[in-house]
Amino acid sequence: MKPSVAILEPVATVDTTRLDAEYRALTEGCGLVDRSERGKLALTGSDAKEFLAGQVTNDIEALVPGEGCYAAFLTPKGKMLGDLRVLDRGEELLLDTERPALQALFDMIRRFKIGYDVQLHKRTVERGLLSLIGPSAARIAGAETLPAVEHANAAVEIDGIAAIVARTDTGVDLLCDAADTERLAKALRERGAAPVCEEAAEIVRVERGRPRYGIDLDETVIPQEAGLNERAVSFTKGCYVGQETVARLHYRGKPNRHLRGLRLTAPAEPGAELRLGERPVGRLTSSVLSPAHGPIGLALVRREAEPGASVSVGEHGAEAEVAVPPFDSLA
């Protein structure tokens with residue numbers, strides 16, 4: 001896998017005192033991160049579900065209003081062009097994706113929707129997105145009655161500001177009109193949400209072993225290699241682009257690579273080569289300094305580097321133990 005462009009500060013230059021405090025907010029209370037830069041689209045029309053189901057890996061047609069799912073969209077050979085969250089809002093399907101995948105998602109929909117009653121709407125600039133992360137997230141968002149299932153979503157009003165709240169694996173997300181984003185953030189801060197930086201939120205993501213497109217995943221990756229089959233792939237739905245490769249690998253094959261966690265002996269930069277003996281087995285993709293676990297990372301590692309193996313990292317003598325994330329489940 002080619003090194004991804006790092007969007008985080010180098011580990012060695014991050015203010016660890018600040019990160020420690022923000023990490024505590026994220027793991028003990030509620031941290032607030034503005035993620036309005038994520039790509040956002042909407043689909044309307046009577047064929048929206050049928051159309052999208054034929055393009056992505058998960059079962060869109062099974063959704064009912066208030067539900068959602070995570071999915072990938074692929075090349076015909078089963079490689080990931082991107083991933084996305086789909087929220088069924090009844091009158092429309094809301095889609096959001098990592099910014100590096102937005103153009104590919106937009107182009108895919110625009111190209112293949114011909115012949116379907118589907119209208120595509122840009123929402124990136126029009127909608128803000130705030131993430132609340134931590135055990136108090138749902139309470140602060142007033143979403144305690146929302147089903148405790150990832151992607152469950154509903155309309156809410158917070159201090160007179162209309163928003164859509166959606167469950168995540170670490171809390172809730174709130175989508176609102178872009179013009180209301182700062183007002184909503186202020187209201188959430190007044191309710192007890194602590195502003196945190198993306199670097200702190202990345203620590204929580206890496207600890208949970210959730211790969212991120214544009215950092216850990218790119219167009220060379222098949223979903224099963226990244227451990228996404230359970231979250232993102234339906235093996236009972238109808239056909240979709242790339243299905244043959246994904247199904248064949250699931251039922252008959254063994255991936256050459258697996259998403260692994262790495263317990264590092266010292267902080268290392270994303271892109272550092274991983275070697276098992278003299279053999280290259282991957283590259284470090286995410287690297288954080290966790291207050292709970294020390295230096296840890298994620299990488300797609302060749303299968304011969306099994307969990308428990310020790311690999312060298314880069315050219316400066318660092319090593320790492322290969323592990324199966326999430327890190328919280330490891331002794």
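Residues numbered from 1 in each chain as written. Predicted model: local features only at pLDDT ≥ 70, side-chain atom pairs only at ≥ 80, totals over all residues. Heavy atoms only, no water.

Participant: Can you help me understand empty space enclosed by the protein in this one?
Facilitator: Scanning the model with the defined rule gives four cavities of 30 Å³ or more in all. A volume near 600 Å³ is recorded for the largest cavity. Lining the largest cavity we find 31 residues, and of these Arg35, Arg38, Glu98, Asp169 and Arg210 sit closest to its centre. Among the secondary structure elements, those contributing two or more residues to the lining of the largest cavity are strand S4 (80-88), strand S7 (127-133), strand S10 (171-177) and helix H6 (198-208). The element best represented in the lining of the largest cavity is H6, accounting for five residues. Of the residues assigned to the lining of the largest cavity, the class counts are 10 nonpolar, four polar and 17 charged. (1 Å grid on protein atoms, 1.4 Å probe; cavity = no way out; pocket = protein on both sides within 12 Å on 5 of 7 lines; lining within 4 Å. Points joined across faces, edges and corners; volume = space filled by probe spheres on them. Helix = DSSP H or I, 4+ residues; strand = E, 2+ residues; numbered from the N terminus. Nonpolar A, V, L, I, M, F, W, Y, C, P; charged D, E, K, R; others polar.)

Participant: Sorry, what's going on with helix H5 (residues 181-190) here?
Facilitator: Taken together, the buried positions of H5 are occupied by Thr181, Leu184, Ala185, Ala187 and Leu188. The buried residues of H5 occupy one face: seen down the axis, they fall within an arc of 160 degrees. In this fold, the buried residues of H5 make contact with strand S1 (31-34), S7, helix H4 (137-140), strand S8 (153-158), strand S9 (161-167) and S10. Immediately downstream of H5, the backbone of Gly192 shows phi near 120 degrees, a positive value. (Buried < 20%, exposed > 50% of the residue type's maximum accessible area, 1.4 Å probe, protein only. Arc of directions from axis to C-beta. Contact = heavy atoms within 4.5 Å.)

Participant: Would you mind going over the side chain of Arg38 with me for this structure?
Facilitator: Considering the arrangement of structural elements, one finds Arg38 in the loop between S1 and strand S2 (39-44). Exposure remark for Arg38: the relative accessible area of 17% places this residue in the buried category. Side-chain polar atoms of Arg38 contact the side chain of Glu98, separated by 3.2 Å. The residues touching Arg38, leaving out its near neighbours within four places in the chain, are Asp96, Thr97, Glu98, Thr124 and Leu129. (Polar contact = N/O pair within 3.5 Å; in protein donor to acceptor, adjacent residues only side chain to side chain.)

Participant: Whenever I open this one, the sheet that holds strand S13 (residues 273-276) confuses me. Can you help?
Facilitator: Within a sheet, each strand pairs with its neighbour through backbone hydrogen bonds, oriented either parallel or antiparallel. Strand order in this closed barrel of six strands is S12-S15-S14-S13-S16-S17, and the pairing throughout is antiparallel. Here the average twist between neighbouring strands, direction ignored, is 40 degrees. Across seven bridges, the pairing between strand S12 (residues 257-264) and strand S15 (residues 294-302) is antiparallel. Opposite His258, over in S15, you have Val301 as the bridge partner. Strands in contact with H6 are strand S14 (279-290) and S15; relative to S14, the strand with the most contacts, it is inclined by about 130 degrees. (Pairing = 2+ DSSP bridges. Axes fitted to C-alpha atoms, helices over the stretch in contact; angles between N-to-C directions.)

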